[in-house]
Amino acid sequence: MSIEVKDLSFRYGRITALDGVSMKLEEGAVGLLGPNGAGKSTLLRILLGFLVPERGEGKVLGYDIRREQALIRRAVGYMPESDCFIAGMDAVTFTSYFGELSGMPRQEAMKRAHEVLYYVGLGEARYRLLDTYSAGMKQRLKLAQALVHDPKILFLDEPTSNLDPTGRVEILELIRDISSNKSIQVLLSSHILDDIEALCESVVILKQGRLAAEGRMADLRAIHYSLYEVRIKGDGGPFREDLEGLGARVDETADGLVKIYMPEGGDRMDIFRAAVRAGVQLRSFVKSRTSLEDLFAGVVGVD
Amino acid sequence: MGATVREKGYTHWDGTLVERRFPWWPITRTGILLAFRKKRFKLVFAAAFVPAFIFLVGIYISERLEDFERFLQGSDRFLNIGPKYFSTYFTNDSLLFLIVLVLAYGAGGLIADDLKHSSLQLYFARPLVKRDYLIGKMSVIAFFVLILTALPGLVLVAFKLVFAGSFKFFLQYPWLPLAIVGYAALLTVFFAFYVLLLSSVSKNARYVMVMIFGVYIFSNVLFGILRGIFKTPYMALFSVPANLQQAGAFLFGQKLPHAVPAVWSFAVLAGLCLLAAAVLDRKIRGVEVIR
């Protein structure tokens with residue numbers, strides 16, 4: 001078990017950012033998902049020791065998050081969401097500097113900085129001043145500084161934000177390579193569902209500071225609900241109200257497709273019965289394979 | 001750029017991370033190197049040694065008065081080398097101003113740049129604590145202040161002995177090197193807190209530079225205005241340079257420039273350092289927490 005937290009709570013003044021979150025994360029790439037303000041970044045910051053939880057306990061690689069922060073930071077690479085660099089430095093100096101601050105000998109840090117900069121695709125630009133880097137290059141640089149000391153876990157906070165489509169694909173390719181081939185565990189916080197779906201085997205979904213779902217994506221899809229896509233003719237209002245009364249969530253797309261998220265244990269025949277009661281005609285009925293987007297909508301309740 | 005992603009694959013590092021005795025040292029070394037990459041700073045830094053050079057020439061002439069009699073024309077009373085001479089070197093307005101100038105150019109951005117470019121979180125994602133970060137930054141300031149004060153001060157003493165060709169001066173004032181080191185240490189501690197305080201209150205290094213000058217000069221202007229109004233020397237306590245000069249005169253055993261007990265100046269300087277420590281403790285953290 002690489003990361004384990006129990007009853008973790010944190011508040012920013014009166015605002016509760018995390019409320020009793022407990023989870024155990026397995027090896028491999030894990031997605032940390034949730035809408036803005038769900039507590040994803042706060043959780044990462046608590047795991048790194050930037051913030052001290054008000055309640056609860058946790059361990060990262062067996063190190064206590066309250067008492068052994070230095071050991072955790074030695075073993076973890078952190079790629080923050082916001083742009084961060086040191087003005088007046090080039091990429092080699094910057095990357096080796098943070099390697100040295102992690103505890104690498106100076107010469108080793110310098111050698112390693114060259115290696116990771118080549119790895120992230122900044123080999124040619126490694127002597128350029130960081131002030132002149134584009135957004136995509138800064139993103140790669142953040143990944144390089146997170147990798148320089150060869151961490152056992154990578155915490156990536158919105159790694160593809162502010163990137164153009166090509167840059168995004170390249171960063172995702174790097175992360176996939178790291179998580180699948182390099183025996184480095186990745187905890188990826190993102191609100192871009194496609195990124196998590198493309199990279200992660202399991203997911204943690206936070207909602208308003210609470211744990212909404214956790215586990216392997218395939219299992220979560222099966223456990224939490226079943227998704228049916230139907231097309232109807234007639235007044236959809238009473239039909240929707242009837243289904244919602246049964247605990248289902250109903251969404252309608254712009255082209256008139258009605259998505260029905262039936263709760264765990266729900267019977268699909270209830271949809272037909274509701275149609276009869278509401279006097280609507282079912283024109284098509286498909287049990288859909290759920291995407292992460294559907295899972296997210298079903299669990300969190302937002303689009 | 002995409003082509004280079006796979007140019008070299010990722011390889012694990014087979015070394016061992018070490019626990020440093022001084023984890024802040026890379027911060028200090030990098031801070032000093034970054035300062036020297038600025039052209040303007042190099043000029044200012046070089047200019048800051050002019051007072052030391054002038055005082056060194058003064059020591060040389062004092063040992064060869066007969067050779068320079070024609071040039072001095074009775075002004076050799078200024079060349080009576082003793083604690084007063086050293087006190088004058090350390091507390092003269094031009095040296096203090098040059099120190100402020102060096103720190104404004106070389107150290108103004110120490111924290112401001114980290115705040116501007118959100119790099120604090122990168123520092124604190126490493127096995128560093130707030131204390132390591134602040135010691136690292138303060139040591140940059142200590143390097144500049146000590147190299148402009150303690151080093152020339154001790155070199156001046158050494159040259160005095162060399163030019164005189166005897167240890168008489170040292171035996172006469174054996175406490176002088178201690179006073180030099182003590183005053184240099186006081187300047188170091190004060191300026192470390194002063195500069196880092198101002199560097200932590202803005203994300204713009206240029207504003208910080210202006211503030212480092214502004215507060216220093218404005219405090220002296222304020223002193224002049226208040227002294228004019230209230231006709232009391234205690235108004236000197238409002239002035240940063242006046243307090244430093246009071247402390248310097250006290251440490252070198254000289255008459256205080258203002259008729260205020262030196263302990264008050266020490267208290268004001270200590271108070272400013274405590275205020276700075278409190279602000280820095282609040283401002284320096286891995287994440288910006290808005291409560």
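Bear in mind that the values here come from a model prediction, so they are computed numbers and not experimental data.

Trainee: Just give me the short version of the overall build of chain A, but keep the residues and values in it.
Mentor: Helix and strand content of chain A: 11 helices and 14 strands. Judged by the C-alpha coordinates and their principal axes, chain A covers about 75 × 40 × 35 Å. Every one of the 303 residues in chain A was classed for burial, and the buried ones make up 55%. Within chain A, contacts between residues separated by at least 24 positions form 68% of all contacts whose residues are at least 6 apart in sequence. For chain A, the computed accessible surface area is about 12,500 Å², with 46% contributed by carbon and sulfur atoms.

Trainee: If you had to explain the domain arrangement of chain A to someone new, which residues and values would you point to?
Mentor: The domain architecture assigned to chain A consists of domain 1 (3-208) and domain 2 (224-300). Each of domain 1 of chain A and domain 2 of chain A was reduced to a C-alpha centroid, and the two centroids are 38 Å apart.

Trainee: Break down the interface of chain B and chain A for me, with residues and values.
Mentor: The partner chain A presents 56 residues to the 41 residues of chain B that form the contact. Across the chain B/chain A interface, buried area totals approximately 4,600 Å², and carbon plus sulfur atoms make up 57% of it. When the buried surface of chain B facing chain A is broken down by residue, B:Tyr10, B:Trp13 and B:Arg126 rank first, second and third, together holding 18% of it. The salt bridge partner of A:Glu100 is B:Arg29, with a shortest N-O separation of 2.7 Å. For the pair chain B and chain A, the interface holds 22 residue pairs in polar contact (both at pLDDT 80 or more). Contributions of two or more residues to the side of chain B that touches chain A are made by α1 (25-36) and α8 (120-124) of chain B. The greatest single-element share of the side of chain B that touches chain A, amounting to 5 residues, is contributed by α1(B). Residues that form the side of chain B that touches chain A fall into these classes: 19 nonpolar, 12 polar and 10 charged.

Trainee: Describe a nonpolar patch on the surface, and please don't skip the residues or the numbers.
Mentor: Residues and elements named next belong to chain B. There is a patch of nonpolar side chains on the surface, built from Phe97, Ile217, Phe218, Val221, Ile225, Ile229 and Phe230 and spanning about 680 Å² of accessible area. Ranked by the residues each element gives to the nonpolar patch, the list is headed by helix α13 (residues 205-230), at 6 residues. Mapping Phe230 onto the fold places it in helix α13.

Trainee: Account for the packing of α13(B) against helix α14 (residues 240-251) of chain B, naming residues and giving values.
Mentor: Residue and element names in this part refer to chain B. The N-to-C vectors of α13 and α14 enclose an angle of 85°; their axes lie 6 Å apart at closest approach. In terms of orientation, α13 and α14 fall into the roughly perpendicular class. Across the interface between the two elements, Tyr216, Ser219, Asn220 and Phe223 from α13 touch Val240, Pro241 and Ala242 from α14. Along the lines of polarity and charge, the residues of the contact of α13 with α14 split into 5 nonpolar, 2 polar and no charged.

Trainee: Got a sec to walk through α14(B)? Specific residues and values, please.
Mentor: Residue and element names in this part refer to chain B. Over its 12 residues, α14 runs 17 Å from end to end, which matches the ideal 16 Å to within 8%, given 1.5 Å per residue. With 10 of 12 residues buried, α14 is to be regarded as a mostly interior element. Residues of α14 that are buried include every one of Val240, Pro241, Ala242, Asn243, Leu244, Gln245, Gln246, Ala247, Gly248 and Ala249, and no others. Between a side-chain oxygen at the N-terminus of α14 and the backbone nitrogen of Ala242 the separation is 3.0 Å; the capping residue is Ser239. A positive backbone phi angle near 65° is found at Gly253, which sits one or two residues after α14.

Trainee: Any chance you could break down the nonpolar core for me, citing the residues and the numbers?
Mentor: Counting residues in each nonpolar core, the largest one holds 165 residues, and the members touching the most others are A:Leu147, A:Phe155, B:Phe86, B:Ile141, B:Phe191 and B:Leu244. Among the elements that line this core, the one with the most residues is helix α12 (residues 176-200) of chain B, at 15 residues. Dropping the residues within four chain positions of it, B:Phe191 is found in contact with B:Ile99, B:Val100, B:Leu103, B:Ile141, B:Val145, B:Leu196 and B:Leu244. A:Leu243, A:Ala248, A:Ala274 and A:Val280 belong to the second-largest nonpolar core, a separate cluster that totals 13 residues.

Trainee: I'd like a rundown of the pattern of salt bridges, residues and numbers included.
Mentor: Residues and elements named next belong to chain A. Across all of its chains, the model carries 20 salt bridges over all chains by this definition. The partner of Asp19 in a salt bridge is Arg210, with the nearest N and O atoms 2.9 Å apart. Residue Asp19 is found in strand β2 (residues 15-25), and its partner Arg210 is found in strand β10 (residues 210-216); the two are separated by 191 residues along the sequence. With its nearest N and O atoms 3.7 Å apart, the salt bridge here joins Asp64 to Arg67. Residues participating in the shared-partner salt-bridge network are Asp7, Asp19, Arg55 and Arg210.

Trainee: I'd love a proper account of the packing of aromatic side chains, names of residues and values included.
Mentor: Residue and element names in this part refer to chain B. Per the counting criterion, the structure on display carries 37 aromatic pairs over all chains. Aromatic pair Tyr123 and Tyr133: ring centres 5.1 Å apart, planes at 70°, arrangement edge-to-face. Taken together, the residues Tyr123 in helix α8 and Tyr133 in helix α9 (residues 130-148) connect sequence positions 10 residues apart. As far as the burial class goes, Tyr123 and Tyr133 line up, both buried. By way of ring pairs, the aromatic residues Phe55, Tyr85, Phe86, Tyr89, Phe90, Phe169, Tyr173, Trp175, Tyr183 and Phe252 are connected into one cluster.

Trainee: Summarise the sheet that holds β2(A); cite the residues concerned and give the values.
Mentor: All names here are of chain A. Strand order in the open sheet formed by 4 strands is β2-β1-β4-β5, and the pairing between neighbours is antiparallel. Two strands close off the open sheet at either side, each with one partner strand: β2 and β5 (63-64). Sheet analysis places strand β1 (residues 3-12) next to strand β4 (residues 55-60), joined by 5 bridges and oriented antiparallel. Directly across from Glu4, in β4, lies its bridge partner Lys59.

What counts as what
Residues numbered from 1 in each chain as written. Chains lettered and ligands numbered in written order. Predicted model: local features only at pLDDT ≥ 70, side-chain atom pairs only at ≥ 80, totals over all residues. Heavy atoms only, no water. Helix = DSSP H or I, 4+ residues; strand = E, 2+ residues; numbered from the N terminus. Buried < 20%, exposed > 50% of the residue type's maximum accessible area, 1.4 Å probe, protein only. Contact = heavy atoms within 4.5 Å. Areas by Shrake-Rupley, 256 points an atom, 1.4 Å probe, with all protein chains shown as cover. Domains from an automatic or database assignment. Buried area = accessible area lost by both parts, 1.4 Å probe. Salt bridge = Lys/Arg side-chain N within 4 Å of Asp/Glu carboxyl O. Polar contact = N/O pair within 3.5 Å; in protein donor to acceptor, adjacent residues only side chain to side chain. Nonpolar A, V, L, I, M, F, W, Y, C, P; charged D, E, K, R; others polar. Patch = residues over 30% accessible without salt bridge, like charges linked within 9 Å, V, L, I, M, F, W, Y side chains within 5 Å. Axes fitted to C-alpha atoms, helices over the stretch in contact; angles between N-to-C directions. Parallel < 35°, antiparallel > 145°, perpendicular 65-115°, else oblique. Expected span 1.5 Å × (residues − 1). Core = buried A, V, L, I, M, F, W, Y, C linked by side-chain atoms within 4.5 Å. Phe/Tyr/Trp six-rings, centres within 6.5 Å; stacked < 30°, edge-to-face > 60°. Pairing = 2+ DSSP bridges.

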